Amino acid sequence: MATAVTVPALAPDDVRDWARRAGALSPVLAVIALLVVPGGGGAQGGTGGTGTVADAASGLLVLICLVRVLRGGARPLTRTAAVVLGLPVLGICLAAITSNDPAASLPGVARYVQIFVLVPAAVLLMIRDRRDFAVVAWGLVGLALLQGAVGVAQYLTGTGASYMGEDIRAVGTFGPTDVMGMATVVSYGLVVVTGIALGSGPGRTRTAALVCAGLLFLPLVLSFSRGAWIATVLACGIQLLLSGPRRAARVALAAGALGVVLVGGLGIGSAMVKERVASITQVTAAPDQSVTDRYTMWAAAGRMWASEPVTGVGLKGFPQYRDSNASLALSSGSDTAGAGAAFARQPLLSPHNMYLLVLSEQGLFGLLALTGSWVALLVGALRRRRLGADCALVATGLLGWQLIDFFYADIGGPSTVLMSVVLGLAAWWALAEVRRA
């Protein structure tokens, strides 16, 4: 059996095997590939959807998987997997039923079930073994490299999203209304290749992963996304610690040297990067308006939960109750411009914190159900470390990144559907029957 998440020497038979596997996994790979298509709508927060072609592809993925299960061609979910992946449905349905406007909550039900239940379960069922895991993982890296290349070109040519009066923010094909899109994709790719580089695969595979990590570092920096920076540093740090302290020290030194060369030595966005990093700590001392807005919305979410502590105000209820619970410090919206779009004010429709969003809209019951599912996946991934270092590091890193990033972001925007693929990838390693390599 192949080593977890490795790319063996590509002899002719291996090329044919990978091509065959890619064909079998084409519904999953299509969701990833179609994220290069620019979205037509804004990045709606909370339970909002965008109706992109990638979302349509995810629906087709679920349908294909359902047909395979009904025909007996795919292994059904184990009891544990069904419980872990189905747990969020309890909180979602209870919040919709108890909502003051159940009809308005129905789109939120569909979105949450799509992202956190159906698509992850479909991805889990589509992946058959570790080579399939590798194909999907490298598919994420390929998308990250493509989006990152577009982002770097945007910075160099001044065609990115507006940032501090200049059109230099790297956003890839996601546009200025979803500035977190490219940062999220690149972060996923960086976490994947970090796990592969720290694994036990062939030397050429780990070398290729290190090269990809170097290529992805720059667009992540040029995204100017503080939340993505924090989540990536912590997730990769977790992967390093799991791989061993000595290796962690060596890789940390190499990454630090790379950062010094790219940002310090070459001066690529160094002044703006330093200012952006410094702003992370400016919570009470002269915070910028985006920080003020975020903490104001967090406080509003807390007040909503206090009014309905068990079941929340209902799915898609945050925008409706925002103004009555937010202080006057909240601005009317954020400015978006650049990357081929005209100036516009984007309304603030979510608290930009997944845990507070769920707590305010689904209450304590919904939060426990959803986070319980995520924690079960993380525990399952960690328990299987001895079965394959590469898979374990990739799955743990991706889950860790997502759970950390949820402190600064929530669902919304075209890149949200990729989150469901990532959760499915991690769910396969945590819940499926995996034999020792």
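Residues numbered from 1 in each chain as written. Predicted model: local features only at pLDDT ≥ 70, side-chain atom pairs only at ≥ 80, totals over all residues. Heavy atoms only, no water.

Focus: the overall build of the protein
Part 1 of the reasoning: Counting its regular elements, the protein contains 16 helices and 4 strands.
Part 2 of the reasoning: Considering the protein as a whole, with its 437 residues, one finds that 54% of them fall into the buried category.
Part 3 of the reasoning: A total of about 18000 Å² of accessible surface is found on the protein, and carbon and sulfur atoms cover 66% of it. (Helix = DSSP H or I, 4+ residues; strand = E, 2+ residues; numbered from the N terminus. Buried < 20%, exposed > 50% of the residue type's maximum accessible area, 1.4 Å probe, protein only. Areas by Shrake-Rupley, 256 points an atom, 1.4 Å probe, with all protein chains shown as cover.)

Regarding the environment of Ala103
Part 1 of the reasoning: The residue Ala103 is located in helix α5 (residues 102-126) in this model.
Part 2 of the reasoning: Sequence-wise, Ala103 and Leu315 are 212 residues apart; in three dimensions their C-alpha atoms are separated by 10.0 Å.

Digging into empty space enclosed by the protein
A probe matching the size of a water molecule, rolled over the atoms, marks out where space remains unfilled.
Part 1 of the reasoning: In total, this model carries 2 cavities of 30 Å³ or more according to the counting rule given.
Part 2 of the reasoning: The computed volume of the largest cavity comes to approximately 50 Å³.
Part 3 of the reasoning: In terms of lining, the largest cavity is formed by Leu85, Phe116, Pro120, Ser373, Trp374, Leu377, Leu423 and Ala427.
Part 4 of the reasoning: Among the residues forming the lining of the largest cavity, the class breakdown is 7 nonpolar, 1 polar and no charged. (1 Å grid on protein atoms, 1.4 Å probe; cavity = no way out; pocket = protein on both sides within 12 Å on 5 of 7 lines; lining within 4 Å. Points joined across faces, edges and corners; volume = space filled by probe spheres on them. Nonpolar A, V, L, I, M, F, W, Y, C, P; charged D, E, K, R; others polar.)

As for helix α4 (residues 79-97)
Part 1 of the reasoning: Between its terminal C-alpha atoms α4 stretches 26 Å, which fits the 27 Å expected from 19 residues at 1.5 Å a residue.
Part 2 of the reasoning: Within α4 the residues assigned to the buried category are Ala81, Val84, Leu85, Pro88, Gly91, Ile92, Ala95 and Ala96.
Part 3 of the reasoning: Those residues of α4 that are buried lie in contact with α5, α14 (354-383) and α16 (416-431). (Expected span 1.5 Å × (residues − 1). Contact = heavy atoms within 4.5 Å.)

Regarding the packing of helix α7 (residues 180-197) against helix α9 (residues 226-243)
Part 1 of the reasoning: Two numbers describe how α7 lies on α9: the axes approach to 10 Å, and their chain directions differ by 10°. Regarding the angle of α7 to α9, the classification is roughly parallel. Residues Met180, Ala183, Ser187, Leu190, Val191, Thr194 and Gly195 of α7 pack against Ala228, Thr232, Ala235, Cys236 and Gln239 of α9.
Part 2 of the reasoning: When the residues that make up the contact of α7 with α9 are grouped by side-chain class, the tally is 7 nonpolar, 5 polar and no charged. (Axes fitted to C-alpha atoms, helices over the stretch in contact; angles between N-to-C directions. Parallel < 35°, antiparallel > 145°, perpendicular 65-115°, else oblique.)

Notes on the pattern of salt bridges
Part 1 of the reasoning: Tallied over the full model, the rule gives 5 salt bridges.
Part 2 of the reasoning: As a salt-bridge pair, Arg322 and Asp323 come within 2.9 Å of each other at their nearest N and O atoms.
Part 3 of the reasoning: With relative accessibility at 54%, the residue Asp323 sits in the exposed group. (Salt bridge = Lys/Arg side-chain N within 4 Å of Asp/Glu carboxyl O.)

What to know about the confidence of the model for the protein
Part 1 of the reasoning: Looking at the protein as a whole, the pLDDT averages 83, with 80% of positions reaching at least 70.
Part 2 of the reasoning: In the model, residues 1-12 has pLDDT below 50 throughout and makes 32 contacts with residues more than four positions away in sequence or in other chains.
Part 3 of the reasoning: Scored below 50 in pLDDT, residues 41-49 makes 30 contacts in the model with residues more than four places away or belonging to other chains. (pLDDT = per-residue confidence, 0-100.)

Notes on helix α3 (residues 53-70)
Part 1 of the reasoning: Over its 18 residues, α3 runs 26 Å from end to end, which matches the ideal 26 Å to within 8%, given 1.5 Å per residue.
Part 2 of the reasoning: Every buried residue belonging to α3 is among Ala54, Asp55, Ala57, Ser58, Leu61 and Cys65, and all of these are buried. In a view along the axis of α3, the buried residues occupy a sector of 155°, so they form one face of it. Away from its buried face by more than 90 degrees, α3 exposes Ala56 and Leu70.
Part 3 of the reasoning: Among the structural elements, α2 (26-33), α5 and α16 are those in contact with the buried residues of α3. (Arc of directions from axis to C-beta.)

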